[in-house]
Amino acid sequence: MIEIERKFLVKSEAFKTDAVQKERIVQGFLNTDPLRTVRVRIKGDRGYITVKGKGNQNGTTRFEWEKEISVKEADALMNLSEPGVIDKTRYFIEVGKHIFEVDEFFGDNSGLIIAEVELEHEDEDFLKPQWLGDEVTSDIKYYNSQLSKNPFKTWKK
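Residues numbered from 1 in each chain as written. Predicted model: local features only at pLDDT ≥ 70, side-chain atom pairs only at ≥ 80, totals over all residues. Heavy atoms only, no water.

A. Molecular detail of the pattern of salt bridges. Within the structure shown, the criterion is met by 17 salt bridges. Across the pair Glu23 and Lys43 runs a salt bridge, and its minimum N-O distance is 3.9 Å. Placement of Glu23 in strand β2 (residues 19-33) and of Lys43 in strand β3 (residues 36-43) is noted, with a sequence separation of 20 residues between them. Among the residues examined, Lys43 registers a relative accessible area of 18% and is labelled buried. Among the ionic pairs, Arg24 bridges to Asp87, the shortest N-O distance being 2.8 Å. (Salt bridge = Lys/Arg side-chain N within 4 Å of Asp/Glu carboxyl O. Helix = DSSP H or I, 4+ residues; strand = E, 2+ residues; numbered from the N terminus. Buried < 20%, exposed > 50% of the residue type's maximum accessible area, 1.4 Å probe, protein only.)

In structure tokens:
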């Protein structure tokens, strides 16, 4: 139940041509406290509830527990969520032995594209595709829970 991932900005939409799958995701947060984030998510005809713990100092590793629930349950929980729903399309891109999950955000976070790669351990090497930009793993403002409260459109560019 430990998640190890690194997070990057995306420089171009070139990743779309390499995507092996994509899915629409809508999610809300029942709790956005960085010590314990509770998320409800709908992906197609499936619902999920997820609890994430506080990340380590560099943001790569944290506790994560997820359970599938019905869409009916997810809809009911979504109605209890804090303001600021996240709406995005997730693309899955195979790069070497890893799969990058690239999120293209809509609504108040439109214009933001973030890639994540899950790792076996923090120091694991991985291939970096050309469309991968600056790393933002340790920058909490790029966490979905924070984007729900302080969306990309409100940032000073």
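B. Broad picture of the nonpolar core. In terms of nonpolar packing, the biggest core is built from 16 residues, with Val10, Phe15, Ile93, Phe100, Val102, Ala115 and Trp131 touching the most fellow members. Looking at this core, the elements with two or more residues in it are β1 (2-10), β6 (86-95), β7 (98-105) and β8 (113-118). Setting aside anything within four residues of it in sequence, one finds Val102 in contact with Val10, Phe15, Thr89, Arg90, Tyr91, Ile93, Ile113, Ile114, Ala115 and Trp131. Within the second largest apolar cluster, 10 residues are counted, among which are Phe29, Leu112, Tyr142 and Phe152. (Core = buried A, V, L, I, M, F, W, Y, C linked by side-chain atoms within 4.5 Å. Contact = heavy atoms within 4.5 Å.)

C. Structural detail: the packing of aromatic side chains. Counted according to the given criterion, the structure contains seven aromatic pairs. Seen from their ring centres, Phe15 and Tyr91 are 5.2 Å apart, and the 75 degrees between their planes marks the pair as edge-to-face. Separated by 76 residues along the polypeptide, Phe15 in the loop between β1 and β2 and Tyr91 in strand β6 bring together distant segments of the chain. Overall, Phe15 belongs to the buried group, its relative accessible area being 0%. Look at Tyr91 and you get buried, because its relative accessible area is 7%. Between Phe152 and Trp155 the ring centres are 5.1 Å apart and the planes differ by 70 degrees, which places this aromatic pair in the edge-to-face class. (Phe/Tyr/Trp six-rings, centres within 6.5 Å; stacked < 30°, edge-to-face > 60°.)

D. Examining the side chain of Thr37 more closely. Among the structural elements, Thr37 can be located in strand β3. Among the polar contacts listed, one links the side chain of Thr37 to the backbone oxygen of Asp33, at a separation of 3.3 Å. (Polar contact = N/O pair within 3.5 Å; in protein donor to acceptor, adjacent residues only side chain to side chain.)

None of this, on its own, says anything about what the molecule does.
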